[in-house]
Structures are given as structure tokens and as C-alpha cells.
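Descriptive analysis of the structure
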Amino acid sequence: MSDQIGVTLERTAYRPGEQLTGKAGWQLSDTPKKAHIRLFWKTSGKGTVDLKILEDRKIDAPQAAQLLDFAFALPDDPYSFEGHLITLRWGVEVVVGKATDCAWFELGPDGHTCRIGATTAR
Amino acid sequence: MQFKHRAGRQASGTAGKVFTSIFGLVFGSIGLSFAIVVLVGLRQTVQMKSWVVSDCVIEAAEVHDADEDYQFTVRYRYEYEGSRYIGTRYTSTDDYRFESIATKQELLTAYDPGTTARCFVNPDNPSQAVLKRETSLLPGVGSVLFASIFVIIGYGMIVVTWWPRRPPVTQATTETGGTAGRRIGLLFCSVFILIGLVIPYFAFVKPLQRQRAARRWIPVEAEVLKSAVRSHRGDDSTTYSVYIAYRYEIDGIPYEGDRYRFSSSSSSGHAEKAEIVRQHPVGSRITVYVDPADSAESVVQREAGASLYLGLIPVVFAVFGFLFLIIMLRAAPASTAGHTAGGTMTRQRNRAKEKIPPAVRRSGSRVGAFFLMLFISIFWNGIVSVFLMSTIKEWQSDQRPVFSTLFLTPFVLAGLGLIGAAFHFLLKIFSPVAELEPMTDSLSLGKSSVLRFRIRGNVQRITQLTITLTAREEATYSRGTNTYTDRHVFLEQTRLKTMDPKQMASGEITVNIPPGTMHSFEAPHNKIVWSLKVSGTISHWPDLNDEFILNVNPREVQS
């Protein structure tokens, strides 16, 4: 049996300060030694990747097959954004042994990614 | 919920993997080859430990002048299990050579013909014997460990490249404010500081101490035994040093020495060393200075000369190390990561307590920019001047170093450019200065704020003043060993443009931060920077170009 793992979020768009909820589950051939659920943001684009883990929750005594709910209180910033050089995305990742899955979501005042590509001159 | 299969490898460029593997293979193989050579030597050392100690009688022992060093030849007879043998090896190598005349005296004293000495006989082949055997395994083991680093890194790269495992997103890169980069940085700075302090200690401080102590040494007449320019071949070039061996007598006892100066460093430039050697031919009488406390300690030149100060050059490394260390320690604090047990699901907050930056702060310092440019200019020109002086001397001594002159020219021009830049920054210190009053309120997306400014200094010199609100992305990345930062301005608003000196002297500007854009953001390699740029055109003088970084907060939430 091949290892299976997954993480899903109730929504994919959130406002600052809101509560993020979701489910994480896995079905592995062996009992894992450790499991984590992480809330993080990560940049991509031209620059070297920056990453910040805001919460790292350790699952005590993880089972070979398990399904659990989680919730994170989201901070006010940084917003998800897409620029000419930089993109910042928020995500929740589940890591169980060597298996891993990630779900992405948007954080912004309107619940959407801020797009800042255009130059404004006045 | 529906699970996703995640056992597979993340796809990446095969060409890159092949290239990495080839690089790792070459890197690891170099280390492995070196380790094998050292291990073969170690095996011989271990084998020689089992050689049997036996008495031998020295029949002949001589030290010959080789081209630039000395060669020791010896002949001795020994007995092993009733059979007689003749040995000619001092160590495991056939041809034993050395540089110091002190070694010559030690060998001739220890192996005086007719005396009995100790030799080591190979019990498996008694015709093999040596007078000196290597017994310490430490240098060899150290070399093997050093080579192992190359082997592990090289072959480790291949394993990591092809290992079938997809790393978690949060482990695929360096975490912002993580400690790994900080540790590497600390190590880097420590190595720089260590090099910058240890080398000058041995190359400058110690010779200087000996030079001062030698002022009390007594002058004694000596006869030159050997006089030569010794060459030392490096990876890129050959350097030279003066070698003069001499004999002198104290209270009827003969001594030999070969110390020309306390600083024994070699350098480029053959002509001046050849001239010194020419002035000290073999058989000539010279004055040497002898330590009254130890007559075996002597020197030809008590003064170390200007070359002693070259030993201070590595101090620059220590200065750079300290500068990098200060910059690093002043950078953003590291976030903490850890786990706490308890409950079904353990919560661990990883956010470090973040400093709230002021709403407005000046970007850079004119005095700081000047001193930085001055430091770079002195560092660059200091190094270039060493080679430049050497080349000038070669021209003065009727040599024609055309190639080195052509090679040096762009470096000299760059040095002149740096001096010009330092002068430009010096003038800029005396340009009018823009100032913004500290704000009592914070700047936020979708909010208008009024900022008061004033220009300090002679405003009359400014022909036009412009104040611009800008927002830009800054992305920093590495290519090879270089680091680049790309910038893209995504918002630009001219808030003031005037040629009226009264309006320039002081005033107010309104800053409107659009609601649908991005707030200030700062990570180690990626930034969103909001700023006010104050530009003033000044005739025949560096222009006024001051920038103030604005801290724009996320949109304020109405409670």
C-alpha cells in the first residue's frame, strides 16, 4: 500500500485576524515517529525564497492512519501579494514522517491576493 | 477527506542533477585521491613502528650544498641476527634535503663518523634500515579527516541529488530569521577575525619583539659560507628570499647561523635580493649580531625593514570580520522554533517579538557612506599599491615588466575611480540636508497623512526641489558568488516640485496611501519599500538626494 496524506482548508480566502480551519489526515504503512502541522508564508519570484513558520504544531503519538481537525488564528499581516518580482503566499502544511502535503490560501483585507504589478505616475 | 499520494520525487531539471553529480564526483574524487595517498604513507609509518631498534656505527656523514638547500648523505653499518649490513638511508626517502643550517649542525653532531648511533631495521627485509623513522600518526590522520570532508561533501551531493524524497515546503529553504544562516555568518566572521589577528601576530608582532630584543645583541665578525637567492614556487607565482649562511666564533667556540632577518617572509622581486647576495659573496667577512644569552642565536640584519609592515595587511580581514559581525548582530532577530509536549495537539507560537519601526526614518547616512567609500578606497589602493611599487621598482632597475604593467592598469584606474567616489561623498556631506518631522500618527493603507519637511543648509544653492512618494519591490538573489538586488517601482507620486526657495525651505506635503496596494514588508531577501525621495539639483556640486523610508501598516480595521 502506498502512503497517502492530505490537508484541506474550509476556505481558501481569509481576512486578517480570522480563524482558519481545516482537516489533515494520513494513511501510512508504518506508524510515524513524528507529525507536524504548520502555518507559514513563503515568497517566490526573482529573489531568494524567504519563509516564515508562524505556528508549528506537533502531533503527539501520531497513528499510522489518522484524521484530525485544526484551527489557526491568522495574524494581521503580511498580506498575500503578487508583484512584478515577488509573490507571497500563505499555506498550511502537514508533515508526517517523510510524507507531506500543503494547502495554499489567500490572506488580505478583502480576502484576496493583492496585485501590485503596475506603475502609477502622477 | 481525499488523500493525495505523496511518496514520489519532486521533479526537477535532469541537466542540473547531472551537472551537480559530475561536480560532486570530481569534488569527492579529489578528496578520495588525496586520502588514499595519505593512507599509503600512513601504512608505511605504521609498518615502520614494528621495525627493530639496533645499534649501528656511522662510517661517513656529509652535508652537501645543493642548489638552494642542503643534502644529507650518510653511510652506516649494522648487524641483525648475526649478519652484517650497510645502510645509507636517513629516513624512508632516498634523498633527504633540508633548508636550515641549524639542521646541518644537528645532523653532523649526531652522526659523527666512528660514533655509535641507533637505527631501525626492517625484520622482514634486514637490508632495509633507517636512522630516523616517523612515529606520529597525528598529521596523517588529520590529513585523512580533512580529505574526508571533501569526500563526504562531494559524494553526499550525489546522494542528496538523486535521493527519492520530496522535502516539505517548509524545509525546502531557509526560514526567515532562521539560525542556520546566522551560524554560517558567525563562523565566516570568526574565521576572518582569526586570520586577521593570528597572521599579523606571527608576521609583525613577533618579529618586532625580536627586533627590539636584538638591540642588545653584540656585533661579531663572521665568514659567509653560503649566499643565494632562494625561490619559493606558489600556485600563481614565485617569490624569493635571501639566504646567507655564516660562521662565527664566541670564546673560541665556532657557531654557524643562517638568519638574515627576523621576518623570514619571501616576496616577489628577484633583483633586490640578488643585489644583497652579490654584496655577500662566499668567503667574505660580515658583521652579525649575537645574543649574549645564547651564542647560537644570531642575525645579519637586526632591523626588519619596511617589508615587516606587510605583515599588518591581514588586519584588514579582521576589520571586515568585525564589520560583518556588527552588521549581522544588528540585523533582524532570529525567530525561535521549538516544541512543547502536552495534550493531543501541542501548540507552539514561533513568532518573535517584532520591533515596530518608526513611521519615518532616514535611509543611509552621508557620513557613513563617505567612510565606507574611504575604507573601500584605502583597502583597494593599499593592495594595488604593493604590486604597483614592485612594478615601478622593476622599471627603475631597467627591467621591462610590460605584461604586469598592462595587467595592473585597470586595477590602478579602478583605484583612482574609488578615490574620486570617496571625494564625491565627502563633498556631499556639505550639501543641504532634507529633514522630515517625526510623525505622531502611523501611516496605513487607505489613509492620508500630512508630513512636514524642511531643508537645512543653504537652500539658495538648490535650483529645483522634488519630493516623490514611491513604493517598490526589492528582490535579492545570488548568482554564483555575487549577490544582486532587483528593484521594481510599482507606485510613484510627485508630491512637490518647485523652484521657489521659500517653498523649498520648509512646508507640508500630503501623502495618500492607496487602499488596494501592499503595505511595507521586510524579509531577508524580499521587501516592499515605501519611501519619500527628496531630490534637489545643485550646480557644480553633488545633488541633494535624500530618501526617507516610510513604514506603511496594513489597512486599519474599524472596530
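Scroll up for the structure.
Residues numbered from 1 in each chain as written. Chains lettered and ligands numbered in written order. Predicted model: local features only at pLDDT ≥ 70, side-chain atom pairs only at ≥ 80, totals over all residues. Heavy atoms only, no water.

**Section: the overall build of chain B**
Threshold: Counting from the N terminus, the helices are DSSP H or I runs at least four residues long and the strands are E runs at least two residues long. Type-normalised accessible area, obtained with a 1.4 Å probe on protein chains alone, sets the label of each residue: buried when under 20%, exposed when over 50%, and partly exposed for intermediate values. It only takes one pair of heavy atoms within 4.5 Å for two residues to be counted as in contact. All accessible areas in this document rest on Shrake-Rupley with a 1.4 Å probe, and a residue is counted as covered only by the protein chains that are shown.
Scanning chain B for helices and strands turns up 9 helices and 24 strands. Counting over 559 residues, chain B shows a buried share of 35%. Across chain B, every contact between residues at least 6 apart in sequence was considered, and the portion connecting residues at least 24 apart equals 71%. About 32,900 Å² of surface is accessible on chain B, with carbon and sulfur atoms providing 58% of the total.

**Remarks on the sheet that holds strand E15 (residues 433–436) of chain B**
All names here are of chain B. Put simply, the rule reads: The rule for pairing is simple: two strands pair if DSSP sees at least two bridges between them. The axes are straight lines fitted to the C-alpha atoms, using for helices just the contacting stretch, and the angles between their N-to-C directions are given from 0 to 180°.
One open sheet holds the 3 strands; their spatial order is E15-E17-E20, and the pairing between them is antiparallel. Across the chains shown, the open sheet's two edge strands, defined by having one partner strand only, are E15 and strand E20 (506–512). Taken pair by pair, the neighbouring strands of this sheet meet at an average axis angle of 30°, ignoring direction. Here 7 bridges tie strand E17 (residues 448–456) to E20, and the two strands are oriented antiparallel to one another. Residue pairing in the sheet places valine 450 in a bridge with threonine 510 of E20.

**Regarding a nonpolar patch on the surface**
All names here are of chain B. Filter applied, for reference: Like charges within 9 Å and nonpolar side chains (Val, Leu, Ile, Met, Phe, Trp, Tyr) within 5 Å are joined into patches, using only residues over 30% in relative accessible area that form no salt bridge. We define a salt bridge as a contact between a side-chain nitrogen of Lys or Arg and a carboxyl oxygen of Asp or Glu at a distance within 4 Å.
A cluster of nonpolar side chains, contributed by Phe188, Tyr309, Leu312, Val315, Val319, Leu323, Phe324 and Ile327, occupies part of the molecular surface with about 690 Å² of accessible area. Per element, the largest residue contribution to the nonpolar patch is 5 residues, and it comes from helix H6 (residues 315–330). Turning to its location among the elements, isoleucine 327 is positioned in helix H6.

**Let's talk about the nonpolar core**
Short version of the rule: Nine residue types can take part in a nonpolar core, namely buried Ala, Val, Leu, Ile, Met, Phe, Trp, Tyr and Cys, and a core is a set of them joined through side-chain atoms within 4.5 Å.
Ranked by internal contacts, the top residues of the largest apolar core, which has 67 residues, are A:Val92 and A:Phe105. Not counting residues up to four positions away in its chain, the partners in contact with A:Phe105 are A:Leu9, A:Thr12, A:Tyr14, A:Leu20, A:Leu39, A:Leu74, A:Ser80, A:Trp90, A:Gly91 and A:Val92. Membership of the second largest hydrophobic core comes to 23 residues, among which are B:Val74, B:Cys119, B:Val121 and B:Ala245.

**Quick notes on helix H3 (residues 138–162) of chain B**
Applied cut-off: Expected span of a helix, by definition, is 1.5 Å for each gap between consecutive residues, and there is one gap fewer than residues.
Here H3(B) spans 36 Å end to end across 25 residues, near enough to the 36 Å set by a 1.5 Å rise per residue. Elements in contact with the buried residues of H3(B): helix H1 (14–48) of chain B.

**What to know about the sheet that holds strand E11 (residues 285–291) of chain B**
All names here are of chain B. Spatially, 5 strands are ordered E10-E9-E8-E11-E12 in an open sheet, and the strand pairing comes out antiparallel. The sheet is open, and its two edges are formed by strand E10 (253–257) and strand E12 (294–299), each paired on a single side. Strand-to-strand twist across the sheet, computed as the mean angle between neighbouring axes with direction ignored, equals 40°. Judged from the 6 bridges that link them, strand E8 (residues 218–233) and E11 form a sheet pairing that is antiparallel. From the neighbouring strand, isoleucine 218 faces E11, where its bridge partner is valine 290. Packing of helix H2 (residues 101–110) onto the sheet brings it into contact with E8, strand E9 (238–250) and E10, and relative to E10 it is tilted by some 135°. In the packing of helix H5 (residues 271–279) onto the sheet, the strands contacted are E8 and E9, and the crossing angle to E9 comes to about 20°.

**Let's talk about H2(B)**
Residues and elements named next belong to chain B. The following threshold applies: The arc in question is traced by the directions running from the helix axis to the C-beta atoms. Under the rule applied, a polar contact is a pair of N or O atoms within 3.5 Å (in protein, one hydrogen donor and one hydrogen acceptor; residues adjacent in sequence only if both atoms are side-chain atoms).
All of the buried residues in H2 are Ile101, Lys104 and Leu107. Along the axis of H2, the buried residues cluster in a sector spanning 115°; they form a single face. Exposed residues lying more than 90 degrees from the buried face of H2 are Glu106 and Thr109. Tucked inside the fold, the buried residues of H2 contact strand E2 (52–65), strand E3 (70–80), strand E5 (96–98), E8, E9 and E10. Sitting at the amino-terminal end of H2 is serine 100, which places a side-chain oxygen 3.0 Å from the backbone nitrogen of alanine 102.

**Details of unusual backbone geometry**
Following A:Asp77, the chain continues to A:Pro78 via a peptide bond in cis, the omega torsion being 0°. Even without being glycine, B:Glu81 reaches a positive phi, approximately 50°. For B:Glu81, the location among the structural elements is in the loop between E3 and strand E4 (83–87). A relative accessible area of 70% places B:Glu81 in the exposed class. In this structure, B:His540 takes a positive phi of about 55° despite not being glycine. Its location among the elements puts B:His540 in the loop between strand E22 (526–538) and strand E23 (544–550). Note on B:His540: relative accessible area 83%, which makes it exposed.

**A look at the side chain of B:Asp258**
Residue and element names in this part refer to chain B. Definition in use: A positive count includes Lys and Arg, and a negative count includes Asp and Glu. His and the chain ends are not counted in either.
Mapped onto the elements, aspartate 258 comes out in the loop between E10 and H5. This buried residue, aspartate 258, is left without a salt bridge; arginine 230 holds the nearest opposite charge, at 5.6 Å. At 2.7 Å, the side chain of aspartate 258 forms a polar contact with the backbone nitrogen of isoleucine 101. Ignoring any residue separated from it by four or fewer positions in sequence, one finds aspartate 258 in contact with Glu99, Ser100, Ile101, Tyr243, Ile244, Ala245 and Tyr246.

**Some remarks on the packing of aromatic side chains**
Put simply, the test is: What counts as a ring pair is set by centres within 6.5 Å for rings of Phe, Tyr and Trp (its six-membered ring), and what kind of pair is set by the plane angle: stacked under 30 degrees, edge-to-face over 60, tilted for all other angles. The criterion is that NZ of a Lys, or CZ of an Arg, lies within 6 Å of the ring centre and within 35 degrees of the ring normal, and then a charge sits over that ring.
The full count for this structure, using the stated rule, is 30 aromatic pairs over all chains. Ring geometry for A:Phe70 versus A:Phe72: centroids 5.7 Å apart, planes at 55°, classification tilted. Pair check on accessibility: A:Phe70 and A:Phe72 agree, each one buried. Relative to B:Tyr90, the ring of B:Phe72 lies with its centre 5.3 Å away and its plane at 90°, an arrangement referred to as edge-to-face. One end of the pair, B:Phe72, is in strand E3; the other, B:Tyr90, is in the loop between E4 and E5, with 18 residues separating them in the sequence. The residues B:Phe72 and B:Tyr90 share a single accessibility class, namely buried. Put simply, the rings of B:Tyr70, B:Phe72, B:Tyr90, B:Tyr96, B:Phe98, B:Tyr111 and B:Tyr243 pair up and form one aromatic cluster. Lying across the ring of B:Tyr70, B:Lys226 places its NZ or CZ 4.4 Å from the centre. Here the basic side chain of B:Arg461 rests over the ring of B:Trp541, its NZ or CZ set 5.0 Å away from the ring centre.

**Digging into the packing of H1(B) against H3(B)**
Residue and element names in this part refer to chain B. This is how it is decided: An angle below 35 degrees is treated as roughly parallel, one above 145 as roughly antiparallel, one from 65 to 115 as roughly perpendicular, and anything else as oblique. The sense of a crossing depends on the near helix, which, turned anticlockwise from the far helix by less than a right angle, makes the crossing left-handed and, turned clockwise, makes it right-handed. The nonpolar class holds Ala, Val, Leu, Ile, Met, Phe, Trp, Tyr, Cys and Pro. Asp, Glu, Lys and Arg form the charged class, and all remaining residues, Gly among them, are polar.
For the pair H1 and H3, the least separation of the axes is 7 Å and the interaxial angle reads 160°. Of the possible angle classes, the one that applies to H1 and H3 is roughly antiparallel. Crossing handedness for the pair H1 and H3: left-handed. A per-class count over the contact of H1 with H3 returns 20 nonpolar, 10 polar and 1 charged.

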